[in-house]
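A closer look at the structure
The residues making up each chain are set out below.
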2 protein chains.
Amino acid sequence: MSAPKLDFWFEFASTYSYPAAMRIAASAKAAGVDVRWRPFLLGPIFKDQGWTTSPFNLYPAKGRYMWRDLERICGALALPFAQPALFPQNSVLAARVALVGLAQEWGEEFCRAVYRAEFGTGRNIGEAALIADILNALRQDASAVLEQAQSDAIKAQLRTRTDEAVKLGIFGAPSFVTSDGELFWGNDRLEAALAWIKR
Amino acid sequence: MSAPKLDFWFEFASTYSYPAAMRIAASAKAAGVDVRWRPFLLGPIFKDQGWTTSPFNLYPAKGRYMWRDLERICGALALPFAQPALFPQNSVLAARVALVGLAQEWGEEFCRAVYRAEFGTGRNIGEAALIADILNALRQDASAVLEQAQSDAIKAQLRTRTDEAVKLGIFGAPSFVTSDGELFWGNDRLEAALAWIKR
């Protein structure tokens with residue numbers, strides 16, 4: 001019998017997706033659950049709600065809280081944390097590269113490296129040079145991967161994924177969806193999602 | 001040495017305040033922490049953000065998720081759950097009565113009974129008759145308490161509490177504030193707030 005599956009929907013601009021991405025592999029393995037990594041874009045979803053930027057920027061008290069909360073969460077998980085000067089960041093290129101990598105064997109490691117660069121060291125993942133550096137560190141051919149990431153096929157795949165997220169009822173990241181369609185939103189719901197599968 | 005303190009900021013119209021109110025006494029006792037119950041109103045805070053109703057109504061996908069999530073949480077805690085036909089409800093009278101009760105010895109029991117009526121059986125806590133029924137069940141003189149709850153002193157106290165919440169950085173409910181000023185937002189952060197005190 002194959003292991004039960006959990007879909008992990010994440011957005012590289014999303015702060016709480018950082019701790020989720022860093023801990024989901026170990027948590028899922030301990031629960032005997034296979035994870036499918038599902039990058040998507042929140043921008044179009046936020047835009048449909050009338051938001052032109054992150055709600056953490058639109059509502060300053062909520063934003064101040066979020067940064068402090070994220071710092072505490074990273075502290076508890078012993079993850080590096082640095083608030084980036086730019087927030088939210090342009091995550092389109094990183095998401096497209098992730099789609100290329102997740103169809104090969106280096107995708108998950110790439111995703112963790114992107115999050116570490118963005119929220120662990122405060123760098124701008126919207127810069128192609130940073131993405132190339134990450135690819136090089138993973139011993140990938142950066143220029144070939146970046147070219148493939150900008151192909152029509154990958155662009156269309158990311159749009160399809162984002163449409164699929166909306167259809168699943170996803171409105172924020174990270175989100176976890178079980179194979180029987182239960183949606184769990186937020187890094188703090190990972191345990192509940194795994195418990196749902198094992199119930 | 002007296003026990004460390006945690007302030008529990010809650011709003012009777014807030015869905016996730018329900019499970020928090022039902023479980024905080026036992027969780028805090030187990031952690032050796034004293035809880036101060038702090039009713040306040042989210043309405044003025046939401047209004048300052050440009051919201052005329054709950055964000056769960058403004059953003060339907062988020063609202064659908066919240067009700068399902070709350071149902072799952074109540075299931076896990078073995079709490080009764082019924083989605084009220086009216087949401088959000090007018091919580092002003094309940095909050096004023098809670099201030100009266102919390103200065104006496106029946107306040108916490110009153111708060112739990114209000115939440116149970118609203119989200120456990122789907123009733124409308126904006127109705128004075130329901131509040132009177134709850135007071136009667138607690139063997140209080142309902143008409144005397146309701147009169148005191150509508151006094152200028154209690155009205156002013158509730159406004160002061162809501163102003164204080166804003167000053168503490170509170171933007172949603174439930175929120176937990178430690179005596180060293182750390183803010184934790186959401187039913188799912190109760191354990192983190194207790195752990196912060198005990199660290």
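Structural data are supplied above this passage.
The following refers to the structure shown. Sequence positions are assigned chain by chain, starting from 1 and proceeding in written order. Chain A is the first chain written and ligand 1 is the first ligand written, with later ones labelled in order. Given that this is a predicted model, residues contribute local features only at a pLDDT of at least 70 and side-chain atom pairs are listed and counted only at 80 or more, while totals for whole chains, interfaces and linings are drawn from all residues. The basis for the side-chain values is all heavy atoms of the structure; hydrogens and waters are excluded.

1. Some details on the packing of aromatic side chains
- The pairing test for Phe, Tyr and Trp rings, Trp by its six-membered ring, is centres within 6.5 Å, and the orientation test on the planes gives stacked under 30 degrees, edge-to-face over 60, and tilted for anything in between. Applying the stated rule across the entire model yields 42 aromatic pairs over all chains.
- With a centroid separation of 5.0 Å and 40 degrees between ring planes, the pair formed by F12(A) and Y115(A) is classed as tilted. Residue F12(A) is found in the loop between β1 (5–10) and α1 (17–31), and its partner Y115(A) is found in helix α6 (residues 107–120); the two are separated by 103 residues along the sequence.
- We call a residue buried when its accessible area falls under 20% of the maximum for its residue type, exposed when it is over 50%, and partly exposed in between, using a 1.4 Å probe and counting protein chains only. Residue Y115(A) is classed as buried on the basis of its relative accessible area, which comes to 0%.
- With a centroid separation of 5.7 Å and 15 degrees between ring planes, the pair formed by F8(B) and F176(B) is classed as stacked. Placement of F8(B) in strand β1 (residues 5–10) and of F176(B) in strand β3 (residues 175–178) is noted, with a sequence separation of 168 residues between them.
- Chaining the aromatic ring pairs together yields one cluster made of F8(A), F10(A), F12(A), W37(A), W106(A), F110(A), Y115(A) and F176(A).
- Counted as over-ring charges are cases with an Arg CZ or a Lys NZ within 6 Å of the ring centre that also lie within 35 degrees of the ring normal. Stacked on the ring of F184(A), the Lys or Arg R72(B) has its end atom at 3.7 Å from the ring centre.
- Above the face of the W196(B) ring, R199(B) is positioned so that its terminal group lies 3.9 Å from the ring centre. Comment: elements are numbered from the N terminus, with helices defined as DSSP H or I runs of at least four residues and strands as E runs of at least two.

2. Some words on the sheet that holds β1(A)
All names here are of chain A.
- If you trace the four strands from one edge of the open sheet to the other, you get β2-β1-β3-β4, paired in mixed fashion. One side of each edge strand has no neighbouring strand; the edge strands of this open sheet are β2 (34–39) and β4 (183–185). Going from strand to strand, the sheet's axes swing by 20 degrees on average, the running direction of each strand aside.
- Strands were regarded as paired on the criterion that DSSP finds at least two bridges between them. Strand direction decides the pairing type here: β1 and β2, joined by six bridges, are parallel. Counted as the bridge partner of K5 is D34 from β2. Whenever a helix is involved, its axis is fitted only over the stretch in contact; in every case the axis is a line through C-alpha atoms, and angles between N-to-C directions fall within 0 to 180 degrees.

3. Some points on the pattern of salt bridges
- Throughout this description, the term salt bridge denotes a Lys or Arg side-chain nitrogen within 4 Å of a carboxyl oxygen of Asp or Glu. What the rule picks out here adds up to 22 salt bridges over all chains.
- A salt bridge links R72(A) to E182(B); the nearest nitrogen and oxygen atoms lie 2.6 Å apart. Highlighted residues: R72(A) in helix α4 (residues 60–77) and E182(B) in the loop between β3 and β4 (183–185), drawn from two different chains.

4. Quick look at the relation of the copies chain A and chain B
- The copies were overlaid with a least-squares fit restricted to C-alpha atoms from residues scoring a pLDDT of at least 70 in each copy. Overlaying chain A with chain B gives an RMSD of 0.0 Å, the required rotation being 180 degrees about an axis along which the chain moves by 0.0 Å. The superposition of one copy onto the other is thereby described by a two-fold rotation axis. Minimal C-alpha distance to the rotation axis in chain A is attained by D188(A), lying at 3.7 Å.
- Of all interface residues in chain A, 100% are interface residues in chain B too; the two copies therefore contact each other through one and the same surface. Residue contacts are counted whenever heavy atoms from the two residues lie within 4.5 Å of one another.

5. Topic: the interface of chain A and chain B
- Taken together, the 20 residues of chain A in the interface contact 20 residues of chain B.
- Taking both sides of the interface into account, the surface hidden between chain A and chain B amounts to around 2000 Å²; carbon and sulfur atoms contribute 53%.
- Counting the surface chain A buries against chain B, the share from its top three residues, Y59(A), Y65(A) and R189(A), is 29%.
- Across the chain A-chain B interface, the total number found is eight salt bridges.
- The partner of D69(B) in a salt bridge is R189(A), with the nearest N and O atoms 2.7 Å apart.
- Any N or O atom pair separated by 3.5 Å or less is treated as a polar contact, with the protein-specific requirement of one donor-capable and one acceptor-capable atom, and with residues adjacent in sequence counted only for side-chain atom pairs. Here chain A and chain B share 14 residue pairs in polar contact (both at pLDDT 80 or more) between them.
- Every element with two or more residues in the side of chain A that touches chain B is listed here: α4 and β4 of chain A.
- With seven residues, the top contributor of residues to the side of chain A that touches chain B is α4(A). Buried area: the sum, over both parts, of the accessible surface (1.4 Å probe) that disappears when the two are put together.

6. Section: the packing of helix α5 (residues 92–102) of chain A against α6(A)
All names here are of chain A.
- For the pair α5 and α6, interaxial distance at closest approach is 7 Å and the crossing angle is 155 degrees. One way to sum up the angle between α5 and α6 is to call them roughly antiparallel. Together, A94, V97, A98, G101 and L102 of α5 and G107, E108, F110, C111 and V114 of α6 make up the contact between the two elements.
- The classification used treats Ala, Val, Leu, Ile, Met, Phe, Trp, Tyr, Cys and Pro as nonpolar, Asp, Glu, Lys and Arg as charged, and all other residues, Gly among them, as polar. Residues of the contact of α5 with α6, tallied by class, amount to seven nonpolar, two polar and one charged. Note on angle classes: values under 35 degrees are labelled roughly parallel, values over 145 roughly antiparallel, values of 65 to 115 roughly perpendicular, and the remainder oblique.

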